[in-house]
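# Chain and residue survey
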Amino acid sequence: MSLPSLSRFAGWSLVLCVAAVSACLRAQTPPAIASDDTLHLEDFVVSASRSPQDPKLTPSSVTLLPLADFHSAQIGELRTALAETPGVVVVNTGAMGGQSSIFMRGANADQTLFVVDGVRLNTSNVSYGNFLGGADLIGLDRVEVLRGPQSTLYGSSAMGGVILLETARGRGAPEGVVSVSAGSLGSFGVQVAEQGGTAASDFSFSLGHTQTDNDRPYNKYKNWTYSGRFEEQAASWLLVGAT
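Residues numbered from 1 in each chain as written. Predicted model: local features only at pLDDT ≥ 70, side-chain atom pairs only at ≥ 80, totals over all residues. Heavy atoms only, no water.

### Quick word on the side chain of Ser206
Mapped onto the elements, Ser206 comes out in strand S10 (residues 201-212). Classification of Ser206 as buried rests on a relative accessible area of 5%. A polar contact of 2.6 Å, which involves the side chain of Ser206, links it to the side chain of Ser227. In contact with Ser206, not counting residues within four places along its chain, are Ile138, Gly139, Val192, Ala193, Thr225, Tyr226 and Ser227. (Helix = DSSP H or I, 4+ residues; strand = E, 2+ residues; numbered from the N terminus. Buried < 20%, exposed > 50% of the residue type's maximum accessible area, 1.4 Å probe, protein only. Polar contact = N/O pair within 3.5 Å; in protein donor to acceptor, adjacent residues only side chain to side chain. Contact = heavy atoms within 4.5 Å.)

In structure tokens form, the structure reads like this:
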């Protein structure tokens with residue numbers, strides 16, 4: 001009678017061991033990733049060292065503007081978005097469309113440098129005031145605000161700081177967005193943007209128009225903005241682009 005009992009006990013032990021090993025293997029097997037899941041990369045900044053860098057490790061004071069949040073808050077002007085950034089004071093002259101100036105860390109307005117797709121927009125003798133007064137966020141993919149003296153990397157025009165702007169790079173199937181706004185005093189605005197790309201080439205462009213009568217006679221304002229970017233991977237070692 002004892003032999004069958006021992007046999008059943010051994011059989012149960014074997015079943016329990018197999019079940020435990022199976023559960024352990026299931027616990028160590030990584031979950032399957034759906035093909036449509038999006039891989040989110042960590043944020044990085046470029047302006048601090050002119051190369052991609054982790055914002056937590058850079059010694060400079062730099063802010064990457066959350067453009068998606070500004071779009072959700074219906075903030076469409078670049079100067080309004082910059083005014084929300086710590087350490088940046090934006091001064092507007094006159095009504096909508098007037099010149100705007102930026103003061104960072106006590107520096108003069110002409111000591112802030114704008115860089116668009118790697119190209120300097122202004123110098124100490126050429127102002128960015130008209131551009132900032134009418135620029136919008138449509139067509140932009142990245143806006144960085146680098147505070148403090150940056151003359152070593154960018155020259156004497158960057159004694160107060162640097163504002164880095166990058167137009168959107170096209171990716172995936174072509175898609176677009178249209179935004180329309182209207183208000184009092186004959187105010188009206190429309191923005192259109194389109195982008196797309198493949199592994200070999202990509203494109204993006206945007207077009208915007210804003211007009212208003214403002215609240216004073218003979219003070220009408222009309223403005224057109226546009227941007228475009230095209231890149232072609234001509235070879236494994238050669239990327240050709242225009243902006």
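### Regarding the nonpolar core
Ranked by internal contacts, the top residues of the largest apolar core, which has 22 residues, are Leu65, Leu78, Leu82, Ile102, Phe114 and Val143. When residues no more than four places from it in sequence are discounted, the contact partners of Phe114 are Leu78, Leu82, Ile102, Val119, Arg120, Leu121, Asn122, Tyr128, Phe131, Leu132, Ile163 and Leu165. Counting residues in each nonpolar core, the second largest holds 9 residues, with Val62, Val115, Leu146 and Val162 among its members. (Core = buried A, V, L, I, M, F, W, Y, C linked by side-chain atoms within 4.5 Å.)

### Section: the confidence of the model for the chain
Confidence in the prediction of the chain, expressed as mean pLDDT, is 79, and 79% of residues score 70 or more. Helix H3 (residues 78-83) holds the highest mean pLDDT among the elements of the chain, 92, whereas helix H1 (residues 2-28) holds the lowest, 41. (pLDDT = per-residue confidence, 0-100.)

### Looking at the pairing of strand S8 (residues 175-182)
By the criterion of burial, S8 is predominantly exposed, with just 0 of the 8 residues buried. Sheet topology places S8 next to strand S9 (residues 188-197); 8 bridges connect them, and they run antiparallel. Within the sheet, the bridge partner assigned to Val178 lies in S9 and is Val192. Hairpin connection of S8 to S9: 5 residues between the antiparallel strands, including Leu185 at a positive phi of 60°. (Pairing = 2+ DSSP bridges.)

### Considerations on the side chain of Glu166
Inspection of the secondary structure puts Glu166 in strand S7 (residues 161-167). Discounting chain neighbours no more than four positions away, the residues touching Glu166 are Asp117, Leu140, Asp141 and Arg142.

### Topic: a nonpolar patch on the surface
Together, Val178, Val180, Phe188 and Val192 make up a nonpolar patch on the protein surface, roughly 340 Å² of accessible area in all. For the nonpolar patch, the secondary-structure elements that each account for two or more residues are S8 and S9. Here Val178 is to be found in strand S8. (Patch = residues over 30% accessible without salt bridge, like charges linked within 9 Å, V, L, I, M, F, W, Y side chains within 5 Å. Areas by Shrake-Rupley, 256 points an atom, 1.4 Å probe, with all protein chains shown as cover. Salt bridge = Lys/Arg side-chain N within 4 Å of Asp/Glu carboxyl O.)

### Describing the sheet that holds strand S5 (residues 119-120)
Pairing is mixed across the open sheet formed by 5 strands, whose spatial order is S1-S6-S7-S4-S5. Of all strands in the sheet, those with a lone pairing partner are strand S1 (61-64) and S5, marking the two edges. Here strand S6 (residues 140-147) runs beside S7; their pairing, made up of 7 bridges, is antiparallel. Paired with Val145 across the two strands is Ile163, which belongs to S7.

### Here we look at the pattern of salt bridges
Scanning the model with the defined rule gives 7 salt bridges in all. For the salt bridge of Arg171 with Asp141, the shortest nitrogen-to-oxygen distance reads 3.9 Å. Of this pair, Arg171 sits in the loop between S7 and S8 while Asp141 sits in strand S6, and the two are 30 residues apart along the sequence. Relative accessible area serves as the criterion here: at 38%, Asp141 is assigned to the partly exposed category. In this structure, Arg229 and Glu231 form a salt bridge, with 3.1 Å as the shortest nitrogen-oxygen distance. For Arg229, a relative accessible area of 10% puts it in the buried group. Judged by relative accessible area, Glu231 falls into the buried class, the value being 10%.

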